[in-house]
Amino acid sequence: MKLQSLLAGLLGVTVTLAHATEENTPLEILIVTGTRTEQPLKQELLHSTVITEQEIQDSQAPDVATLLRSLAGVEVTQNGGLGKLSSIFMRGTNSNHVLILLDGVRINSATSGTTALEHIMLDSIERIEVVRGNVSSLYGSEAIGGVIQLFTKRGGGAPAFNISESVGSHGTQRVSAGFSGSADATSFSVNVGKVKTNGVSAIKPEIIPNIQPDNDGYDNTNLSTNVSFALGSEHSVSISAFSTRGNSQYDTLRYDPNTYAVTSLPTDRNNTKAALEKISLTSDNQFTPLWLSKFQLARGSDDSRDYLNGAQTSRFKTVNKQLTWQNELQLADTQRVNLTAEHLKQAVASGTPFNQTARSVHSLLSGYVGDYGAQQVQLNLRQDSYSDFGTANTGLLGYGLIFADHWRATASVSTAFKAPTFNDLFYPGYSNPDLRPERSRNKEVGLRYAANGQSVNAIYFDNRIRDLIASNSAFTTVINVDQARIDGQELSYVGQFGDTRLKADATLQNPRNTATGKALLKRAKKYASVSVAHKFGMWNAGTELRYSGEREDVGAHTLSSYQLLNLHAAYKLSPQLNLSARVDNLFNRDYSEAYSYNTLGRTLFIGLNYQQ
């Protein structure tokens, strides 16, 4: 099936429609990531998506990456299956141009510049918010392609217990449990999870010789807790902690540093032990009816250790200490100002090979959101001052106009940046302390419509990135050299027809190096998905068809297009007990997301879920 067929189906259903609010749901969906203040999703000027807790449960997805793959503007690649290295490309930008936050806290590596999303399971995740485009003016470095914010589960209501267990292909086993609720002025939530799989060989031995041909498994243990204390009706204090630990086997080639001859042996055993952790203390205070203040003290960390045949070969650990004071001022019923000060200290563990092991970032943010009847305005200005390379200033101006019943046009211009990593600036023998940050300018226009339980979002974007950091021609250091341009269109449709829900997303883009004209690697010019879910009696069933076009990869290899069909179903055995099943890649397609790396064939998961 070609993308044109999917687009024809999408446009055939939506010929008289355009935008994605969620008017078809009983409760209005709220989002905070697009402005840093809570507002209805339908008022967002930026192209945003909220994946709710119910949608996470209904999907029966095994991990976060699976959920994100079905969104417009989002591509995910994994090097060998569950728990293996994941890369996210939003709107065709680099994988280190996406900022991932956990409850507002950075847990990324300051050495690689990316977040190890492959180790975050869904056991503790309540909802996911995705905002596309330049949002550095809200969050600082990395947010060139967009922001993905994960929110862990919170407590409320009568205390209740839940437990889930599932088994599946490749020896996969999963169990999770949680207990949450509230008592008097205290609410709480505790969730634990365990995942283990035998996996498949990460690299295809028939393509890369001298690779260990056995299966590369994965083991994950995760825990999240949250306790909140209400201090009257106007104030609250919460403490939140999160930890996920993964042990992932993988395949890699070793080379002689002098001759570059392959020295790997088929008996080599490689694995990574990774730990992502977050702890935060948050105080929310409604000092006056017009002044809401939030103070957060947080620590996020990424600790990764590589092993060869049981011996540790490397360790890279980042600690992000973050202090945020955010103030929301209500100027009028439909006008708000956001004034925020942040301090971030990034440090890498002692014993690592870097010339410098810490840096500080001082940031100031001002934001304005105004609703003037048929017109909406958003303005953000931010300054980030780094102790190692200097200052980065970013901004965003967004405008919306309601020009007919249920129709709205939107437009925005914005700037963003990505700070050089510790690898770029301080790694001995290869780094360059004179690097400038990568910078981006993005323009987009959109047409949106929502009514009668149906919605569409059509967006055109044009993102131009300069001073990209890359190796010099001799591969002896890194320099600011490359420029890129990514322009394209995103189409999204949501329709609710009684107990049937239809969703469709498509992306047409052209990610390219403007100096050479060559396509950026691992990014398709066309990809799309269509899904249908239906509730009938005790059943809830759905199907998803996903398509990805050709992609260029390393070594001048072209990865073929592919299409996958996934199914899921759940049956309510009792008000508290559900039986669920999910089949991915129903037709067992052989496809590649990264050259030489395996992907999972047909997989089946069956589970029992108890909710008190």
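In what follows, the structure referred to is the one given above.
All figures in this text were calculated on a predicted structure; none of them were measured in a lab.

Student: Quick question: what am I supposed to make of the pairing of strand β15 (residues 270–288) here?
Tutor: Side chains on a regular strand alternate between the two faces of the sheet. Pairing geometry for strand β14 (residues 235–250) and β15, over 16 bridges, is antiparallel. Looking across to β15, one finds that Ala241 is bridged to Ile279. Across 18 bridges, β15 lies against strand β16 (residues 291–308) in antiparallel orientation. Residue Gln286 lies in a different strand from β16, and its bridge partner there is Leu292. Connecting β15 to the antiparallel partner β16 that follows it, the hairpin turn spans 2 residues.

Student: Would you take a moment to explain the nonpolar core for this structure?
Tutor: For soluble globular proteins, nonpolar side chains are generally found buried alongside one another. If you look at the biggest cluster of nonpolar residues, it comprises 27 residues, and the most contacted ones within it are Leu68, Ile88, Ile120, Ile128, Ile148 and Leu150. The element best represented in this core is helix α3 (residues 64–68), accounting for 4 residues. In contact with Ile128, other than residues within four places in its own chain, are Thr49, Val50, Ile51, Val64, Leu67, Leu68, Ile148, Gln149 and Leu150. Ranked by size, the runner-up nonpolar core spans 15 residues in total, among them Leu46, Val50, Leu101 and Val147.

Student: Just checking my understanding: could you explain the side chain of Ser187 for this structure?
Tutor: Of note, Ser187 is situated in strand β12 (residues 186–197). For Ser187, a relative accessible area of 17% translates into the label buried. Ignoring sequence-local partners within four residues, the contact set of Ser187 consists of Gly155, Gly181, Ser182, Asn226, Val227 and Ser228.

Student: Teacher, can you tell me more about the side chain of Arg546 here?
Tutor: You can see Arg546 is positioned in strand β28 (residues 539–548). There is no salt bridge for the buried Arg546, and the closest opposite charge comes from Glu544, which lies 4.6 Å off by N-O distance. The contacts of Arg546, once residues within four sequence positions are left out, are Arg69, Ala528, Ser529, Tyr562, Gln563 and Leu564.

Student: Even after reading the chapter, I still don't get the packing of aromatic side chains, so can you show me in this structure?
Tutor: What describes a pair of aromatic rings is the distance from one ring centre to the other and the angle between the planes of the rings. Enumeration over the complete set of coordinates arrives at 12 aromatic pairs. When the ring of Phe354 is compared with that of Phe422, the centres are 6.2 Å apart and the planes differ by 80°; the resulting orientation is edge-to-face. With Phe354 in the loop between β18 (335–348) and β19 (358–372) and Phe422 in helix α5 (residues 422–426), this pair connects stretches of sequence that are 68 residues apart. For the pair Phe354 and Phe422, one class covers both residues: buried. Considering the side-chain rings of Trp539 and Tyr571, the 4.9 Å spacing of their centres and the 50° angle between planes classify their relative orientation as tilted. Here Trp539, found in strand β28, pairs with Tyr571, found in strand β31 (residues 562–572); they are 32 residues apart in sequence, far enough to count as distant. Among the aromatic residues, those joined into a ring-pair cluster are Phe316, Phe354, Phe422, Phe426 and Tyr427. Geometry around Phe151 places Arg127 over its ring, the cationic atom sitting 3.9 Å from the centre. Directly above the ring of Tyr307 sits Lys273, whose terminal nitrogen or CZ lies 5.2 Å from the centroid.

Student: Any chance you could explain the pattern of salt bridges here in plain terms?
Tutor: Side chains carrying opposite charge are able to pair once their charged atoms draw close together. Applying the stated criterion across every chain, the model contains 27 salt bridges. A salt bridge links Glu593 to Arg69, with the nearest nitrogen and oxygen atoms 3.2 Å apart. Pair noted here: Glu593 is in the loop between β32 (577–584) and β33 (603–611) and Arg69 is in the loop between α3 and β4 (74–78), with a separation of 524 residues, a long-range link. In this pair, the class of Glu593 matches that of Arg69, namely buried. Residue Glu277 is joined to Arg245 by a salt bridge in which the shortest nitrogen-to-oxygen separation is 2.5 Å. With a gap of 32 residues between them, Glu277 in strand β15 and Arg245 in strand β14 connect regions that are remote in the sequence. Take Glu277: its relative accessible area is 26%, and that puts it in the partly exposed class. Taken together, the shared-partner salt bridges in this structure form one network comprising Asp462, Arg464, Arg485, Asp487 and Arg512.

Student: Before we go on, may I ask you to explain the environment of Phe188 in this structure?
Tutor: Positionally, Phe188 belongs in strand β12. C-alpha separation for the pair Phe188 and Gly156, spaced 32 residues apart in sequence, amounts to 7.1 Å. In contact with Phe188, not counting residues within four places along its chain, are Gly155, Pro159, Phe179, Ser180, Gly181, Ser182, Asn226 and Val227.

Student: What is the right way to look at the sheet that holds strand β9 (residues 146–152) in this model?
Tutor: What the 5 strands build is an open sheet, ordered β3-β8-β9-β6-β7; its pairing is mixed. The sheet terminates laterally at β3 (48–51) and β7 (105–106), the two strands that pair on one side only. Taken together, the 5 bridges between strand β6 (residues 98–102) and β9 define a ladder with parallel strand orientation. Bridge assignment links Leu99 to a residue of β9, and that residue is Val147.

Student: Sorry if this is basic, but what is going on with unusual backbone geometry here?
Tutor: Most peptide bonds take the trans configuration, and most residues that are not glycine carry a negative phi. In this model, Glu142 sits at a positive phi of 85°, which is unusual for a non-glycine residue. Note that Glu142 resides in the loop between α4 (136–139) and β9. Judged by relative accessible area, which is 7%, Glu142 ranks as buried. Of note, the phi angle at Asn210 is positive, near 65°, even though the residue is not glycine. Relative to the assigned elements, Asn210 resides in the loop between β12 and β13 (218–231). A relative accessible area of 36% places Asn210 in the partly exposed class.

Cut-offs applied
Residues numbered from 1 in each chain as written. Predicted model: local features only at pLDDT ≥ 70, side-chain atom pairs only at ≥ 80, totals over all residues. Heavy atoms only, no water. Pairing = 2+ DSSP bridges. Helix = DSSP H or I, 4+ residues; strand = E, 2+ residues; numbered from the N terminus. Core = buried A, V, L, I, M, F, W, Y, C linked by side-chain atoms within 4.5 Å. Buried < 20%, exposed > 50% of the residue type's maximum accessible area, 1.4 Å probe, protein only. Contact = heavy atoms within 4.5 Å. Lys, Arg positive; Asp, Glu negative; His and termini not counted. Salt bridge = Lys/Arg side-chain N within 4 Å of Asp/Glu carboxyl O. Phe/Tyr/Trp six-rings, centres within 6.5 Å; stacked < 30°, edge-to-face > 60°. Lys NZ or Arg CZ within 6 Å of the ring centre and 35° of its normal.

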